Amino acid sequence: PAIVAFHHMAADHKSAMGITDAAGKLVGSIGISDLPAVPLDNLSLLLKPLSELMPTVFTGARLDTVPEDISFSALVSKMASEKIHRVYVPAADGSAQSIITLTDVLRVVSGCSLPKARRSLDMQIEWDAQRREQLRAEGKEVDNMEA
């Protein structure tokens, strides 16, 4: 039931979570901000499975994904231009591999380390920095955020 998903978010201090189908494929995302879509006079809807509520009640819920090899600059551009707070990185089989949040981006920009599950973003950023240095060594001008 949907109420269980919201319970897990509250218990884990998370504002959103990915939704998977029976095969484990990422099919949606739900967040605390979607909760007001449930009418106060019909809270019993939360006893239904999310799969039933996604197309009818939580119609504004978005599933934003990015490829695993996205550059940091492209990631920031996508999140800023599309005004999204989180993106999922699906695995080749469509399952959820990782999630990158605005908090992760801010940690990287501020120099804080990321949780182990998000180290691939750290590696991509390091690669971007190395690529910028290589381009500078070749005498090419490089914007600070582009590789």
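One can find the structure itself at the top, above this paragraph.
Owing to the predicted nature of the structure, the values given are computational and were not obtained by experimental measurement.

Peer 1: Sorry if this is basic, but what is going on with the packing of aromatic side chains here?
Peer 2: Centre-to-centre distance and the angle between the planes together describe a pair of aromatic rings. Applying the stated rule across the entire model yields one aromatic pair. With 5.9 Å between their ring centres and 55 degrees between their planes, Phe6 and Phe58 make a pair best called tilted. Within this pair, whereas Phe6 is found in helix α1 (residues 2-11), its partner Phe58 is found in the loop between α2 (50-53) and α3 (72-81), the two being separated by 52 residues in sequence. Using a relative accessible area of 7% as the deciding quantity, one classes Phe6 as buried. Of the residues examined, Phe58 reaches a relative accessible area of 2% and is grouped as buried.

Peer 1: Mind showing me how you'd approach helix α4 (residues 102-110) here?
Peer 2: Residues three or four positions apart in an α-helix share a direction because the helix packs 3.6 residues into each turn. The complete set of buried residues in α4 reads Asp104, Val105 and Val108. On an axial view of α4, the arc spanned by its buried residues comes to 100 degrees, and they lie on one face. In this structure, α4 carries Leu106 and Ser110 as exposed residues pointing more than 90 degrees from its buried face. The positive-phi residue at the C-terminal boundary of α4 is Gly111, with phi of around 90 degrees.

Peer 1: I'm lost on the nonpolar core in this one. Help?
Peer 2: Most often, soluble globular proteins have nonpolar side chains that are buried together. Membership of the largest hydrophobic core comes to 14 residues, with the highest contact counts inside it found for Phe6, Ile30, Leu50 and Phe58. Every element with two or more residues in this core is listed here: α1 and α2. Looking at which element gives the most residues to this core, the answer is α1, with four residues. Beyond its immediate chain neighbours, meaning those up to four positions away, Ile30 contacts Phe6, Met9, Ser15, Ala16, Met17, Ile19, Leu50, Met54 and Phe58. In terms of nonpolar packing, the next biggest core, distinct from the first, is built from 11 residues, Met79, Val87, Ile100 and Val108 among them.

Peer 1: Explanation requested: unusual backbone geometry in the structure shown.
Peer 2: The phi torsion of most residues other than glycine is negative, and most of the peptide bonds are trans. Residues other than glycine seldom take positive phi values, yet His13 does so here, at roughly 55 degrees. One can find His13 in the loop between α1 and β1 (16-20). For Lys83, which is not glycine, the phi dihedral falls at a positive 50 degrees. Mapped onto the elements of the fold, Lys83 is located in the loop between α3 and β3 (86-90).

About the thresholds
Counting restarts for each chain, with residues numbered from 1 along the sequence as it is written. Reporting of local features is limited, given that this is a predicted model, to residues whose pLDDT is at least 70; pairs of side-chain atoms are given and counted only at 80 or more, and all residues count toward the totals for whole chains, interfaces and linings. Note: side-chain values were computed over all heavy atoms of the structure, leaving out hydrogens and water. Only the six-membered ring of Trp is used, alongside the rings of Phe and Tyr, when aromatic pairs are assigned; centres must lie within 6.5 Å, and planes under 30 degrees apart are stacked while those over 60 apart are edge-to-face, with the rest tilted. The helix and strand labels rest on DSSP assignments: H or I over at least four residues marks a helix, E over at least two residues marks a strand, and numbering proceeds from the N terminus. A 1.4 Å probe rolled over the protein chains alone gives each residue an accessible area, and that area as a share of the maximum for its type sets the label: buried under 20%, exposed over 50%, partly exposed in between. Along the arc lie the directions from the helix axis toward the C-beta atoms. As used here, the term nonpolar core means buried Ala, Val, Leu, Ile, Met, Phe, Trp, Tyr and Cys residues forming a set that is joined through side-chain atoms within 4.5 Å. Note on contacts: a residue pair is in contact if any heavy atoms of the two residues lie within 4.5 Å.

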